[in-house]
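Chain by chain, the residues run as shown.
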Amino acid sequence: MLHYSGAVYRPPSEAHSLIIQVTVGCSHNKCAFCNMYKEKQFSITPIRQVLEDLRWARAQYPCVERFFLADGDALILPTAQLLEILGDIRELFPECLRISTYASPKSILQKSPEDLSALRSAGLDFAYLGLESGNDALLKKISKGVTAAQQIEAGQKLKAAGLTLSVTAINGLAGSNGDWQAHAADTAAALNAMRPDYIALLTLRIYTGTPMSEWIASGELVMPQPMELIRETKVFLEHIDCPGAVFRSNHASNYLVLAGTLNQDRDRLIGECDEALQGDVPLRKFVELGH
């Protein structure tokens, strides 16, 4: 059977992908809002175990069209090791249509353009990058470990190598007592510079045991109310300029479901925010997430 260590996370769009755990945990694992990998010591899965998993999966499943390389940051692996894994996937699963992974900005920046192009040629098609915010003060506060400029550079490198790029940002991250307007505008500006193919706007959730939960308890951070979150989303949309990007704000954390293609649907999306702010649209009930 497949080897998994601890809880394994994947993006919602990877629900039907075969998950191969090429790393355990996250190479950064310091973000103030996240508790996904706190119970794990980061490590790279031995290549022999990864290849064993692929061969076991081949014997079990007649057709696997999509793979997701977990955990938090497969790109931390040496390029040669990633190329070996990708090569085995392509050899064992000729029906494979897509291979994707989470990608941390630090790991992307450590790869040369030639490395990323080689990975793309070997079959790595899709990367998920957690921007969270484009505001440097907020990135520092949440211990993201990179600046907005570094995040932009990382996203641009992935795009230049030919990978499809999906970027997430977190609505409400500054709190209602922080500079939420700068967070919204700066995040839009960072995305404008990256030109991702997909943009996912999540809503801040507070998880027990994180630094952010302590900020909430002390009053240092005030959790935004639903209407404040929608107001922030509207500011974000007013500043976004990413022609052709698929925009989604339909995660379980979001009170208002929004979906469209930028920039053609931007005015409609802003209008839907206005309708919600006026009370003309019912909001989705809060959904408690599993982590």
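See the structure above.
Predicted, not measured: the structure shown is a model, and the values here were computed from it.

(A) Structural view of the side chain of Gln 151. The topology assignment puts Gln 151 in helix H6 (residues 148–160). Every residue in contact with Gln 151, bar those within four places of it in the chain, is listed here: Pro 105, Leu 129, Gly 130, Leu 131, Ser 133, Leu 139, Lys 144, Val 146 and Met 194.

(B) Looking closely at the pattern of salt bridges. This model, assessed by the stated rule, comprises 13 salt bridges. Among the salt bridges present, the one from Arg 58 reaches Glu 95, with a minimum N-O distance of 3.0 Å. Of this pair, Arg 58 sits in helix H1 (residues 47–60) while Glu 95 is found in the loop between helix H2 (79–92) and strand E5 (98–102), placing the two residues 37 residues apart along the sequence. The salt bridge involving Arg 268 is made with Asp 265; its shortest N-O contact spans 3.6 Å. Here Arg 268 falls in the partly exposed class, since its relative accessible area comes to 37%. Connected through shared salt-bridge partners, Glu 14, Arg 66 and Arg 98 make up one network.

(C) Examining the pairing of strand E7 (residues 164–171) more closely. Of all 8 residues in E7, 6 are buried; the element is thus mostly enclosed. By the bridge criterion, 6 bridges tie strand E6 (residues 124–132) to E7 in an arrangement that is parallel. Looking at E7, one finds that Gly 130 is bridged to Thr 168. For the crossover from E7 across helix H7 (residues 180–194) to strand E8 (residues 198–203), the handedness is right-handed.

(D) Main features of the packing of H7 against helix H9 (residues 226–239). Packing of H7 against H9 leaves a shortest axis separation of 8 Å and a crossing angle of 35°. The hand of the H7/H9 crossing is right-handed. Contacts between H7 and H9 pair Trp 180, Gln 181, His 183, Ala 184, Ala 185, Thr 187, Ala 188, Leu 191 and Asn 192 from the former with Arg 231, Glu 232, Val 235, Phe 236 and His 239 from the latter. Its residues placed into classes, the contact of H7 with H9 shows 7 nonpolar, 5 polar and 2 charged.

(E) Just H1, in detail. Between its terminal C-alpha atoms H1 stretches 20 Å, which fits the 20 Å expected from 14 residues at 1.5 Å a residue. Val 50, Leu 51, Asp 53, Leu 54 and Ala 57 are the residues of H1 that are buried. Each buried residue of H1 sits inside an arc of 155° when the element is viewed along its axis, so together they form one side. For H1, the exposed residues lying more than 90 degrees away from the buried face are Arg 48 and Ala 59. Elements that come into contact with the buried residues of H1 comprise strand E1 (18–21), strand E4 (66–70) and H2.

(F) Spotlight on the sheet that holds E6. The sheet built from 8 strands is open, its strands ordered E1-E4-E5-E6-E7-E8-E9-E10 with mixed pairing. Each having just a single partner strand, E1 and strand E10 (258–261) make up the two edges of the open sheet. Between one strand axis and the next, the sheet turns through 20° on average, direction left out of account. Packed on one face of the sheet, H7 meets E6, E7 and E8 and runs near 155° to E6.

Rules used throughout
Residues numbered from 1 in each chain as written. Predicted model: local features only at pLDDT ≥ 70, side-chain atom pairs only at ≥ 80, totals over all residues. Heavy atoms only, no water. Helix = DSSP H or I, 4+ residues; strand = E, 2+ residues; numbered from the N terminus. Contact = heavy atoms within 4.5 Å. Salt bridge = Lys/Arg side-chain N within 4 Å of Asp/Glu carboxyl O. Buried < 20%, exposed > 50% of the residue type's maximum accessible area, 1.4 Å probe, protein only. Pairing = 2+ DSSP bridges. Right-handed = clockwise from strand over helix to strand, strands pointing away. Axes fitted to C-alpha atoms, helices over the stretch in contact; angles between N-to-C directions. Left-handed = near helix turned anticlockwise from the far one by under 90°. Nonpolar A, V, L, I, M, F, W, Y, C, P; charged D, E, K, R; others polar. Expected span 1.5 Å × (residues − 1). Arc of directions from axis to C-beta.

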